[in-house]
Amino acid sequence: MIDKNNKSLGRVMKKYKTRIADIILQKRLQSKGAVLIEGAKWCGKTTTASQFANSILYMQDPAAKNQNLKMADIAPSKLLQGETPRLIDEWQLAPKLWDAVRFEVDQRDEFNQFILTGSAVPADLTDISHTGIGRIARMTMRPMSLFESGESAGSVSIKELFAGSSQIDGTNNLTIEDLAYLICRGGWPMALDCSQEIALQQAIDYYDAVVNMDISRVDNVERNLERTKKILQSYARFIGSQTKIPTIKEDVRTSEADTISDATVSSYIDALKKIFVLEDCPAWNPNLRSKTAIRTSDTRYFTDPSIATAAMGIGPQDLINDLNTMGLFFENLCLRDLRIYAEVLDGNVYHYRDKSGLECNAVIHLRNGSYGLIEIKLGGDTLINEGVATLNKLAKNIDTTRMKQPSFKMILTGLGSYAYKREDDIFIVPVSCLKM
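Going along each chain's sequence as written, the residues are numbered from 1 onward. This being a predicted model, a pLDDT of at least 70 is required before a residue's local features are given, and a value of 80 or more before pairs of side-chain atoms are given or counted; all residues contribute to the totals for chains, interfaces and linings. Each side-chain value is worked out from all heavy atoms of the structure, with water and hydrogens disregarded.

J.: When you look at the pairing of strand E10 (residues 371-377) in this model, what are you seeing that I'm missing?
T.: Walk down a regular strand and you will see the side chains alternate between the two sheet faces. Counting buried positions over the 7 residues of E10 gives 7, a clear majority of the element. By the bridge criterion, 4 bridges tie strand E9 (residues 359-366) to E10 in an arrangement that is antiparallel. If you follow histidine 365 over to E10, its bridge partner there is tyrosine 371. Any two strands with at least two DSSP-identified bridges between them are counted as paired. Comment: elements are numbered from the N terminus, with helices defined as DSSP H or I runs of at least four residues and strands as E runs of at least two. In this structure, the hairpin formed by E9 and E10 is closed by a connection of 4 residues, where glycine 369 is found at a positive phi of approximately 95°. Where E10 lies against strand E11 (residues 408-413), 6 bridges are found, and the strand directions are parallel. Among the inter-strand pairings, lysine 377 is bridged to a residue of E11, identified as threonine 413. Only protein chains enter the accessibility calculation, which uses a 1.4 Å probe; a residue whose area is less than 20% of its type maximum is buried, one above 50% is exposed, and one in between is partly exposed.

J.: Looking at this structure, how should I read empty space enclosed by the protein?
T.: Unoccupied space between atoms shows up once a probe the size of one water molecule is rolled over them. With a 1 Å grid laid over protein atoms only, a set of points is called a cavity when a 1.4 Å probe fits there but cannot get out and a pocket when it is open yet has protein on both sides within 12 Å along at least five of seven lines; lining residues have an atom within 4 Å of a point. Grid points are joined across faces, edges and corners, and a volume is the space filled by probe spheres set on the points. Within this structure, the stated rule accounts for 1 cavity of 30 Å³ or more. Reported here for the largest cavity is a volume of approximately 80 Å³. Around the largest cavity sit Arg19, Ile20, Ala21, Ile24, Thr140, Met141, Arg142, Pro143, Glu148, Ile340 and Glu343, which together line it. Those elements giving two or more residues to the lining of the largest cavity turn out to be helix H1 (20-31), strand E5 (136-141) and helix H14 (323-344). Among the elements that line the lining of the largest cavity, the one with the most residues is H1, at 3 residues. Residues are grouped as follows: nonpolar covers Ala, Val, Leu, Ile, Met, Phe, Trp, Tyr, Cys and Pro; charged covers Asp, Glu, Lys and Arg; every other residue, Gly included, is treated as polar. Among the residues forming the lining of the largest cavity, the class breakdown is 6 nonpolar, 1 polar and 4 charged.

J.: Can you help me understand the packing of helix H9 (residues 225-237) against helix H10 (residues 245-252) in this one?
T.: Working note: a packed helix pair is described by the angle between its axes plus the distance between those axes. Lines fitted to C-alpha atoms define the axes here, with helix axes fitted over just the stretch in contact, and angles between the N-to-C directions of these axes take values from 0 to 180 degrees. Running from N to C, H9 and H10 point in directions that differ by 120°, and their axes come no closer than 9 Å. On the basis of their axis angle, the class for H9 and H10 is oblique. Viewed along their axes, H9 and H10 form a crossing whose handedness is right-handed. Listed contacts from H10 to Lys230, Ile231, Ser234, Tyr235 and Arg237 of H9 are Ile248, Asp251 and Val252. When the residues that make up the contact of H9 with H10 are grouped by side-chain class, the tally is 4 nonpolar, 1 polar and 3 charged. Angle categories: roughly parallel below 35 degrees, roughly antiparallel above 145, roughly perpendicular from 65 to 115, and oblique for all the rest. Two helices cross in a left-handed way if the nearer one is turned anticlockwise from the farther one by less than a right angle. They cross in a right-handed way if the turn is clockwise. Should any heavy atoms of two residues lie within 4.5 Å, those residues are considered in contact.

J.: Explain the environment of lysine 273 to me, please; I cannot follow it from the model alone.
T.: For lysine 273, the position within the fold is in helix H11 (residues 262-274). Spatially, the C-alpha atoms of lysine 273 and isoleucine 215 are 9.9 Å apart, while their sequence positions differ by 58 residues. Look past the residues within four positions of lysine 273 in its chain and what remains in contact with it is Tyr235, Leu278, Asp280 and Arg300.

J.: Help me understand the sheet that holds E5 in this model?
T.: Two strands in a sheet stick together by hydrogen bonds in their backbones, pointing the same way (parallel) or opposite ways (antiparallel). In space, the 5 strands of this open sheet follow the order E2-E3-E4-E1-E5, with parallel pairing throughout. The open sheet has two edge strands, strand E2 (55-58) and E5, and neither has a second partner. Here the average twist between neighbouring strands, direction ignored, is 20°. Along the sheet face, helix H2 (residues 45-52) touches strand E1 (34-39), E2, strand E3 (86-89), strand E4 (114-117) and E5 and points at about 170° away from the line of E4.

J.: What am I meant to see in unusual backbone geometry here?
T.: Among all residues except glycine, the phi angle is most often negative; among peptide bonds, the trans geometry is most common. Residue threonine 84 is joined to proline 85 through a cis peptide bond whose omega torsion reads -5°. Turning to its location among the elements, proline 85 is positioned in the loop between helix H3 (65-74) and E3. Phi at aspartate 109 takes a positive value of approximately 55°, unusual for a residue other than glycine. The residue aspartate 109 is located in the loop between helix H4 (96-108) and E4 in this model. Relative accessible area serves as the criterion here: at 67%, aspartate 109 is assigned to the exposed category.

J.: Just to check I follow, could you spell out the sheet that holds strand E8 (residues 347-353) for this structure?
T.: Read from one edge of the open sheet, 7 strands run E7-E12-E13-E11-E10-E9-E8, paired in mixed fashion. Two strands in the sheet have a free side with no partner beyond their single neighbour: strand E7 (170-171) and E8. As defined by bridge partners, E11 adjoins strand E13 (residues 427-430) across 4 bridges and the pair is classed as parallel. Residue pairing across strands places methionine 410 opposite phenylalanine 427, the latter belonging to E13.

J.: I tried to follow the environment of asparagine 397 on my own but got confused; where do I start?
T.: Assignment of secondary structure puts asparagine 397 in helix H15 (residues 381-397). For asparagine 397, a relative accessible area of 21% translates into the label partly exposed. Taking the C-alpha atoms as reference, asparagine 397 lies 9.4 Å from threonine 292; in sequence the two are 105 residues apart. With residues up to four places along the chain from it excluded, the contact list for asparagine 397 reads Asn287, Leu288, Arg289 and Leu358.

J.: Looking at this model, I keep getting lost on the side chain of asparagine 172. Mind explaining?
T.: For asparagine 172, the position within the fold is in the loop between E7 and helix H7 (176-185). Asparagine 172 sits in the buried class, given a relative accessible area of 10%. Among the polar contacts made by the side chain of asparagine 172, one reaches the main-chain amide nitrogen of leucine 174 at a distance of 3.0 Å. Any pair of N or O atoms that falls within 3.5 Å is considered a polar contact. Within protein, one atom must be able to donate a hydrogen and the other to accept it, and sequence-neighbouring residues count only if both atoms are side-chain atoms. Polar side-chain contacts of asparagine 172 include one of 2.5 Å to the side chain of serine 432.

Listed below in structure tokens is the structure:
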């Protein structure tokens, strides 16, 4: 069980918490001249980058901002001088720096030169003449997984399961109250080491910043505050589904006189994806023995489940009072963690559903063709048994003459006391035991 109430009123400053993104950033720097770190605001991009930087340029420093912007326009190469790797934070304030970095990387002809970080709001690409391909690598950071924030002991490794490990163990120390709290708190670094009340406020403040400012800063298109709220609420209601845009449109309409169009709803959703608020899960398309049609629609999710709870205006106790909703939001929490773990393994996370209704919550597919099948269940023997049946049926349907056997089949749970392997070789793993 986690203790949420023994913190002081303010935030306790502690040493840097190791991030899985550290591994990815190090690999990118070893193979490219520059690395651009993208991701949701407040997820720790600058803090992580600063651990690797030997010099830092803060473009938004009030004492030097005007001078930095003028220099970026007149002689951008001057801003790139310093020990390498050099971190340029909030680079998007002066988009010309992109071409300057790309050119400087060419001139130096060395890896490990620059790290670019900034707001989740995309830069104005008008003044950028080169994509940076081959010179500037990209990586995505997300809010913290439970392993990074310390709520997962990490006794079960996805990497080891892909390597063929057949034995697991681990103990789950999280209660249903803990899980509800973690869903609403999210993985925001600034929410750690806070009292419960202050920790929960971080996601609410993030949501407020998105609807009041960031949604209109994406492409300088003024967007309606109330409409943004309604679209986010609708997305939260349809979390974990393949709901179509027309359905979302009807859900957000306030009256028959509301003339909102599919295109308008799509534009809001696209903007929210650009600033890493929403992150849908793409469909998995395996080779099957049968001719069953596979659904190709993406599944609706948030980058972090706490954004969904903030959009709905609900807290931990509300989730406990509605376990069906909690199960869907728990699914989003697991998708967040699985994406973080998969990325460092050079993999991606997908969702499977076919026309017969057979559905698998998550498939981790690696670049080498290996894959693992994962069903996500909050807890309970009935739900776990349903997940087992799903995994076995899907595995049986896959044409293993054309693709590999699944490396593992897993039920990822919220509750339950232990991590273990069943007699049918399916792993039962509490999310509080999982790591990359």
